[in-house]
Amino acid sequence: MNQQNESSPCRIRRRDAADLDACVRVLADVHGGDGYPVNWPERPGDWLAQPSLLAAWVAELDGQVIGHIGLSRSGEGDAAPVLWGRREGASAGRTAVISRLFVSPAARGHGIGARLMARAVEDAHERGLHPVLDVLASDTAAAALYERLGWELLATVDQQWSPTQTVTVHCYAAPA
């Protein structure tokens with residue numbers, strides 16, 4: 001399903017394997033400007049096509065990929081699914097994790113991130129899953145987007161990403 005906003009020529013569509021190189025190029029621009037992801041993956045295409053992935057979408061403008069979002073099953077170390085499950089008295093397996101959201105720095109300010117989020121949330125709901133996510137506490141722009149969209153802050157926790165790296169993340173759940 002494609003989503004198109006009449007005021008924007010941007011198109012949201014399902015990502016396919018042919019999009020990965022373009023996604024990696026946009027991700028490199030985002031990493032260079034914003035430091036996302038914090039740890040540049042050795043194989044960024046594999047990082048985007050993570051094994052737990054349920055689906056992924058791209059934002060496209062004039063035939064060029066300008067944004068990306070993924071929806072996956074919760075994995076080891078994902079705090080938001082556990083927190084939501086405890087709060088709701090449900091299994092963390094009833095969640096879907098929003099991940100790998102990024103928009104080209106040159107394309108920001110036009111609601112593309114919100115449109116990508118809406119598409120992933122819609123897919124999660126179609127699967128009978130509740131969307132959640134973890135975001136670095138230092139990523140204030142992303143946190144501001146989630147809060148503008150009505151996402152609820154579940155908690156702020158520290159995560160051990162490696163023996164030498166601990167990060168603080170905000171855990172969010174989509175509105176009910």
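Predicted model only: the values in this text are computed from it and were never measured.

Section: helix α5 (residues 140-148)
Stage number 1. Considered for burial, the residues of α5 that qualify are Ala142, Ala143, Leu145 and Tyr146. For α5, the buried positions fall inside an angular range of 155° around the axis, keeping them on one side. Looking at α5, the residues exposed on the side facing more than 90 degrees away from the buried face are Thr140, Ala141 and Arg148.
Stage number 2. Among the structural elements, β5 (95-103), α4 (112-126), β6 (130-136) and β8 (165-173) are those in contact with the buried residues of α5.
Stage number 3. Positioned one or two residues after α5, glycine 150 has a phi angle of 90°, which is positive.

Observations regarding the state of the cysteines
Stage number 1. Counted under the stated rule, the structure contains 0 disulfides.
Stage number 2. Distance from the sulfur of cysteine 23, which forms no disulfide, to the nearest cysteine sulfur (cysteine 10) is 13 Å.

Here we look at the environment of arginine 127
Stage number 1. You can see arginine 127 is positioned in the loop between α4 and β6.
Stage number 2. Along the chain, arginine 127 and alanine 59 lie 68 residues apart, while their C-alpha atoms are 22 Å from each other.

Observations regarding the pairing of strand β4 (residues 64-72)
Stage number 1. With respect to burial, β4 is a largely interior element, 8 of its 9 residues being buried.
Stage number 2. In terms of strand pairing, strand β3 (residues 53-61) meets β4 through 8 bridges, oriented antiparallel. Bridging from a neighbouring strand, leucine 61 pairs with glutamine 64 of β4.
Stage number 3. Adjacent in sequence and paired antiparallel, β3 and β4 are bridged by 2 residues, among which aspartate 62 carries a positive phi angle near 50°.
Stage number 4. Alignment of β4 against β5, held across 5 bridges, turns out to be antiparallel. Across the sheet, residue leucine 71 finds its bridge partner in β5, namely isoleucine 98.

As for the confidence of the model for the chain
Stage number 1. Confidence in the prediction of the chain, expressed as mean pLDDT, is 93, and 95% of residues score 70 or more.
Stage number 2. Mean pLDDT per element in the chain: strand β1 (residues 3-4) is the minimum at 44, and β4 is the maximum at 98.
Stage number 3. Long-range and interchain partners of residues 1-6, a stretch whose pLDDT sits below 50, account for 17 contacts in this model, where long-range means more than four residues apart.

Comments concerning the pairing of β6
Regular strands place side chains that alternate from one sheet face to the opposite one.
Stage number 1. Counting buried residues in β6 gives 6 out of 7 residues, a clear majority hidden from the surface.
Stage number 2. Bridging between β5 and β6 involves 3 bridges; their strand directions are parallel. Looking at the pairing, valine 97 lines up with valine 132 of β6.
Stage number 3. After leaving β5, the chain enters α4 and then returns to the sheet as β6, a path that is right-handed.
Stage number 4. In terms of strand pairing, β6 meets β8 through 5 bridges, oriented antiparallel. Bridge pairing in β8 places valine 132 opposite alanine 173.

Re the packing of aromatic side chains
Stage number 1. For the structure shown, the criterion picks out 3 aromatic pairs.
Stage number 2. With centroids separated by 6.2 Å and ring planes inclined at 45°, the aromatic side chains of tyrosine 146 and tryptophan 151 adopt a geometry described as tilted. Per residue, the accessibility class of tyrosine 146 equals that of tryptophan 151, and both read buried.
Stage number 3. An aromatic cluster of three or more residues is present, and its members are Tyr146, Trp151 and Tyr172.
Stage number 4. Seen from the ring of tryptophan 47, arginine 100 lies directly overhead, with NZ or CZ sitting 3.9 Å from the centre.

The rules we used
- Residues numbered from 1 in each chain as written.
- Predicted model: local features only at pLDDT ≥ 70, side-chain atom pairs only at ≥ 80, totals over all residues.
- Heavy atoms only, no water.
- Buried < 20%, exposed > 50% of the residue type's maximum accessible area, 1.4 Å probe, protein only.
- Helix = DSSP H or I, 4+ residues; strand = E, 2+ residues; numbered from the N terminus.
- Arc of directions from axis to C-beta.
- Contact = heavy atoms within 4.5 Å.
- Disulfide = S-S within 2.5 Å.
- Pairing = 2+ DSSP bridges.
- pLDDT = per-residue confidence, 0-100.
- Right-handed = clockwise from strand over helix to strand, strands pointing away.
- Phe/Tyr/Trp six-rings, centres within 6.5 Å; stacked < 30°, edge-to-face > 60°.
- Lys NZ or Arg CZ within 6 Å of the ring centre and 35° of its normal.

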